[in-house]
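# Architecture at a glance
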Amino acid sequence: MYKKIALAMMMVLFLTPLAMAEYPSDVVILNKSAITKLSDDQLVDVYENTLVEIEADRSFHATSGFSPKEYKDFKALLKFRLMLLVEIHSRNLELPQF
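In this report, we go over the structure that sits alongside the text. Throughout this description, residue numbers start from 1 for each chain and increase along the sequence as written. Given that the model is predicted, a residue must reach a pLDDT of at least 70 before its local features are reported, and side-chain atom pairs must reach 80 or more before they are shown or counted; all residues, however, enter totals for whole chains, interfaces and linings. To obtain the side-chain values, all non-hydrogen atoms of the structure were included, while hydrogens and water were left out.

## Some details on the pattern of salt bridges
In plain terms, the rule: Every case where a carboxyl oxygen of Asp or Glu lies within 4 Å of a side-chain nitrogen of Lys or Arg is listed as a salt bridge. Strands are runs of DSSP state E lasting at least 2 residues, helices are runs of H or I lasting at least 4, and numbering of each runs from the N terminus.
As enumerated under the stated definition, the model contains six salt bridges in all. For E53, the salt bridge is made with K75, and the minimal N-O distance between the two is 2.8 Å. Here E53, found in helix α3 (residues 40-62), pairs with K75, found in helix α4 (residues 68-90); they are 22 residues apart in sequence, far enough to count as distant. Among the ionic contacts, a cluster of salt bridges with common partners joins D45, E48 and K79.

## A look at the side chain of K79
As a reminder of what qualifies: Think of it in three bands: residues with accessible area under 20% of the maximum for their type are buried, residues over 50% are exposed, and the middle band is partly exposed, with areas taken using a 1.4 Å probe on protein chains only. Contact criterion: two residues are considered in contact whenever any of their non-hydrogen atoms come within 4.5 Å of each other.
Tracing the backbone through its elements, the reader meets K79 in helix α4. Look at K79 and you get buried, because its relative accessible area is 17%. If we ignore the near neighbours within four places in the chain, the residues touching K79 are D45, E48, N49 and V52.

## Focus: a nonpolar patch on the surface
Note the following rule: Patches here: salt-bridge-free residues with over 30% relative accessible area, like charges joined within 9 Å, nonpolar side chains (Val, Leu, Ile, Met, Phe, Trp, Tyr) joined within 5 Å. To measure how exposed things are, a 1.4 Å probe is used in the Shrake-Rupley method; for residues, cover is taken only from the protein chains shown.
Taken together, the side chains of V28, L30, I35, L43 and V46 make up a nonpolar region of the molecular surface, amounting to roughly 370 Å² of accessible area. Note that V28 resides in the loop between α1 (2-19) and α2 (32-36).

## Structural notes on the nonpolar core
Just so we agree on the cut-off: To form a nonpolar core, buried Ala, Val, Leu, Ile, Met, Phe, Trp, Tyr and Cys residues must be joined to one another through side-chain atoms within 4.5 Å.
V52, A56, F60, Y71, L78 and L82 together form the largest nonpolar core, which totals six residues. Every element with two or more residues in this core is listed here: α3 and α4.

Here's what the structure looks like:
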């Protein structure tokens, strides 16, 4: 009986931090002077990466979490979607509605 309780306590203490682990952000927080030094393309790229990171972080916490490969693939998919939206907007096209 005591072995089962000890085993359960060990599992809770050692496995809980692994389940709640986060992936480090790829976004570097810049100060105002560093932001003003960015070129237009760099500024858009940093903005897109920030949006992708925020959405990936929200989705990660809303689900049971991703494996590192799934997290990286999901972020790539979010980035692709954002690039498509930017291109559609630059061409003054309407987004398809479902």
